[in-house]
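# Observations on chain architecture
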Amino acid sequence: MRDLKIPSERHPEKAHRPDQKEQPKKPSWIRVKAPTSAGYHETRRIMKENRLVTVCEEAGCPNVGECWSQGHATMMIMGEICTRGCTFCNVATGKPEALDVFEPGRVAHAVQTLGLKHVVITSVDRDDVEDGGAEHFAQTIRAVRHRSPDTTIEILTPDFLKCAPSALEKVVEARPDVFNHNLETVPGLYSEVRPGARYFHSLRLLQRVKELDPAMFTKSGLMVGLGETAVQVRQVMDDMRSADIDFLTIGQYLQPTPKHHHVDRFVTPEEFAAYEKAAWGKGFLMVSATPLTRSSYHAGDDFARMRAARLEKLGRGA
């Protein structure tokens, strides 16, 4: 049995990789307090009782204390072992176990128990499964809808790179409220940061969602501080708008271990503000660009604002 608390067993593909450059000292704007609240511990208890995995823990999210204290958690389905080995990611890699057919029901039960108004459901990559886990995503969406019909559902999916087009169609047909797939970084860094993925495939995936269901909100995110330039980030924004993506998130990359991709630099709050201003100018319905922004950070509140922005836009056009 692998012990996923041991870095060399958690990331066997990185075990023999030399340590990367030492991470710069974290500036004040990126530091967060350790979680201690009663709400945090209650959310953790519910996750454990339902034998659910969360990306909050697996990816080492810095916002876990704040989100869990409010009863918000991002469910990670299809296990805790990913078939990809991205150099930025702290999720364990290797050969996963078979999909758990009872997991959709447990996710739905946890959403109902927590009383969530908005839930984010993500997953590991499952290149070992013919449809990439698309049907499992669809079953989870349907289970949550059945137990909590008033809860809005946001999914953060893999790229379904090795799957037939029908895989994506299965997920869209289950009608999540938001379809999120992160581009993660600029195309010039894909070979280093996201070697198992393809930039234009991911972009096309999001464009295809809009073609299948023009009313569905689409969302994507970037990490900065990996070595990209501001010009490259703005080009990705343009690519996203060409694919009609509604919501953009931009956050600071943090290095999980010395074996992971190094932090090139800590992007300043002023630079994040400039990115946000540029993104609004390019026509996104919603933008979140701060050092601590993550895909699911304040997702419920942001979804409400995005929906209101669309309604306002439609009202002006009426």
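To keep things clear, this report deals only with the structure shown in the data block. (Residues numbered from 1 in each chain as written. Predicted model: local features only at pLDDT ≥ 70, side-chain atom pairs only at ≥ 80, totals over all residues. Heavy atoms only, no water.)

### Some details on helix H6 (residues 134-147)
With 14 residues, H6 extends 20 Å between its outermost C-alpha atoms, agreeing within 8% with the 20 Å of an ideal straight helix rising 1.5 Å per residue. Considered for burial, the residues of H6 that qualify are Ala 134, His 136, Phe 137, Ala 138, Thr 140, Ile 141, Ala 143 and Val 144. Where the residues of H6 are buried, they touch strand E2 (74-77), helix H5 (103-114), strand E5 (118-123), strand E6 (152-156) and helix H7 (165-173). (Helix = DSSP H or I, 4+ residues; strand = E, 2+ residues; numbered from the N terminus. Expected span 1.5 Å × (residues − 1). Buried < 20%, exposed > 50% of the residue type's maximum accessible area, 1.4 Å probe, protein only. Contact = heavy atoms within 4.5 Å.)

### Let's talk about the pattern of salt bridges
With the rule as written, the count across this model stands at 21 salt bridges. Here Asp 19 ties to Lys 259 by a salt bridge, and the two come within 3.2 Å at their closest N and O atoms. Separated by 240 residues along the polypeptide, Asp 19 in the loop between helix H1 (7-10) and helix H2 (38-49) and Lys 259 in the loop between strand E9 (247-252) and helix H11 (269-281) bring together distant segments of the chain. Judged by its relative accessible area of 25%, Lys 259 is partly exposed. With a closest N to O distance of 2.8 Å, Asp 238 and Lys 282 form a salt bridge. Of this pair, Asp 238 sits in helix H10 (residues 230-242) while Lys 282 sits in the loop between H11 and strand E10 (286-289), placing them 44 residues apart in sequence. (Salt bridge = Lys/Arg side-chain N within 4 Å of Asp/Glu carboxyl O.)

### A word on H5
In this model, H5 (12 residues) spans 16 Å end to end at C-alpha, consistent with the 16 Å of a helix rising 1.5 Å per residue. Inspection of H5 places Glu 103, Pro 104, Arg 106, Val 107, Ala 108, Ala 110, Val 111 and Leu 114 among the buried residues, and these make up the whole buried set. Looking one or two residues past H5, Gly 115 carries a phi angle of roughly 65°, positive in sign.

### Describing the nonpolar core
In terms of nonpolar packing, the biggest core is built from 72 residues, with Ile 121, Phe 179, Met 237 and Ile 250 touching the most fellow members. Examining the composition of this core, we find that six residues originate from one element, H6, more than from any other. Counting seven residues, the second-largest nonpolar core is a separate cluster that includes Phe 247, Leu 285, Phe 303 and Met 306. (Core = buried A, V, L, I, M, F, W, Y, C linked by side-chain atoms within 4.5 Å.)

### A few points about the packing of aromatic side chains
Counted by the stated rule, this structure contains three aromatic pairs. Arranged with centres 5.7 Å apart and planes meeting at 85°, the rings of Phe 217 and Phe 303 form a pair that is edge-to-face. Here Phe 217, found in strand E8 (residues 217-224), pairs with Phe 303, found in helix H12 (residues 299-317); they are 86 residues apart in sequence, far enough to count as distant. Accessibility expressed as a relative area gives 6% for Phe 217, which makes it buried. Taking relative accessible area as the criterion, Phe 303 reaches 3% and is therefore assigned buried. Of the aromatic side chains, those joined through ring pairs into one cluster are Tyr 190, Tyr 199 and Phe 200. (Phe/Tyr/Trp six-rings, centres within 6.5 Å; stacked < 30°, edge-to-face > 60°.)

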